[in-house]
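# Working through the structure, step by step
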Amino acid sequence: STQPEASINLGELAFEFNCYNPLSGGIDIAFGTGLDNRSDPEEVLILRSKIFLNWKFIRSTWLDLGLRGGGGFLGAWHDADPAANGVDSIGRVNSFKVPFFGGVLVSLYFTDKVVFTFQTDYYINARITSWYWSEEVESESIDEDTTTKRHKYTGWDQSKGTPEINCGGLFFTAGLKFVF
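Notes on the structure follow. Quick caveat: nothing in here was measured; it's all calculated off a predicted structure.

### Some points on the packing of aromatic side chains
Summed over the entire model, instances satisfying the criterion amount to nine aromatic pairs. A ring pair is formed by Trp-77 and Phe-96, whose centres lie 5.7 Å apart and whose planes are at 85°; its orientation type is edge-to-face. A residue pair is termed long-range when its members are at least 10 positions apart, and Trp-77 in strand β4 (residues 63–79) and Phe-96 in strand β5 (residues 92–97) qualify at 19 residues. A centroid spacing of 6.3 Å and a plane angle of 70° characterise the contact between Trp-131 and Trp-156, whose relative ring orientation is edge-to-face. Separated by 25 residues along the polypeptide, Trp-131 in the loop between β8 (127–128) and β9 (132–138) and Trp-156 in the loop between β10 (146–152) and β11 (165–166) bring together distant segments of the chain. The burial state of Trp-131 is the same as that of Trp-156; both residues are buried. In this structure, Lys-50 is placed above the aromatic ring of Phe-101, and the distance from its NZ or CZ to the ring centre is 4.4 Å. Above the face of the Phe-52 ring, Arg-68 is positioned so that its terminal group lies 4.8 Å from the ring centre.

Here it is, written out as structure tokens:
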């Protein structure tokens, strides 16, 4: 039997600097949920932030067309059975990646302050397959009382398998940009 593809929905807030220049850059943050790839999927919380650079090579008073790229941070949190590893306090496991992306940018200027943007981005290194939990342990250092130790989580229901979520691939984004 084949596993279904995972699905994700993210809301995004972006800040672009020097948006009227041929080269502009910015940051964004996205937060949302997704479903893992198992036959009985469960919800996963997702946080993504990125730094990007836009190069607009076709520019006019009403249209910009260009390329974009960058990298960032991707975090995912999944509910887990705390008793499976003999630890009764985790409740949630996590995974982190550093994805990279590249794509195409189209901007349509309605006014000099309101812009419709359409972007296609292709993400790589964004497949989450391993999950971890953390615990506070006594530190061996004289300067610290405790330290955090990460453990790989292995307590998944084997009949369902280990959950995976692919936050990579092709993404389409459409939105309004307000210039201040």
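### Concerning a nonpolar patch on the surface
A cluster of nonpolar side chains, Leu-23, Leu-53, Trp-55, Phe-57, Ile-58, Leu-67 and Val-104, forms an exposed patch at the surface whose accessible area comes to about 650 Å². If you tally residues by element for the nonpolar patch, the top one is strand β3 (residues 43–59), at four residues. By the secondary structure assignment, Trp-55 is in strand β3.

### Topic: the nonpolar core
The biggest cluster of nonpolar side chains holds 15 residues, and the ones touching the most others in it are Ile-46, Val-93, Trp-131, Tyr-153, Ile-165 and Cys-167. Elements with a contribution of two residues or more to this core: β3 and β4. Residues in contact with Ile-46, not counting those within four places in the same chain, are Ile-8, Leu-10, Ala-30, Phe-31, Gly-32, Thr-33, Gly-34, Leu-74, Gly-75, Ile-165 and Cys-167.

### A few points about unusual backbone geometry
Within the chain, Asn-18 stands out as a residue other than glycine whose phi angle is a positive 60°. By secondary structure assignment, the location of Asn-18 is in the loop between β1 (7–17) and β2 (23–35). Backbone geometry places Asn-125, a non-glycine residue, at a positive phi of 60°.

Cut-off values and rules
- Residues numbered from 1 in each chain as written.
- Predicted model: local features only at pLDDT ≥ 70, side-chain atom pairs only at ≥ 80, totals over all residues.
- Heavy atoms only, no water.
- Phe/Tyr/Trp six-rings, centres within 6.5 Å; stacked < 30°, edge-to-face > 60°.
- Helix = DSSP H or I, 4+ residues; strand = E, 2+ residues; numbered from the N terminus.
- Buried < 20%, exposed > 50% of the residue type's maximum accessible area, 1.4 Å probe, protein only.
- Lys NZ or Arg CZ within 6 Å of the ring centre and 35° of its normal.
- Patch = residues over 30% accessible without salt bridge, like charges linked within 9 Å, V, L, I, M, F, W, Y side chains within 5 Å.
- Areas by Shrake-Rupley, 256 points an atom, 1.4 Å probe, with all protein chains shown as cover.
- Salt bridge = Lys/Arg side-chain N within 4 Å of Asp/Glu carboxyl O.
- Core = buried A, V, L, I, M, F, W, Y, C linked by side-chain atoms within 4.5 Å.
- Contact = heavy atoms within 4.5 Å.

Function cannot be inferred from these measures alone, as they are strictly geometric.
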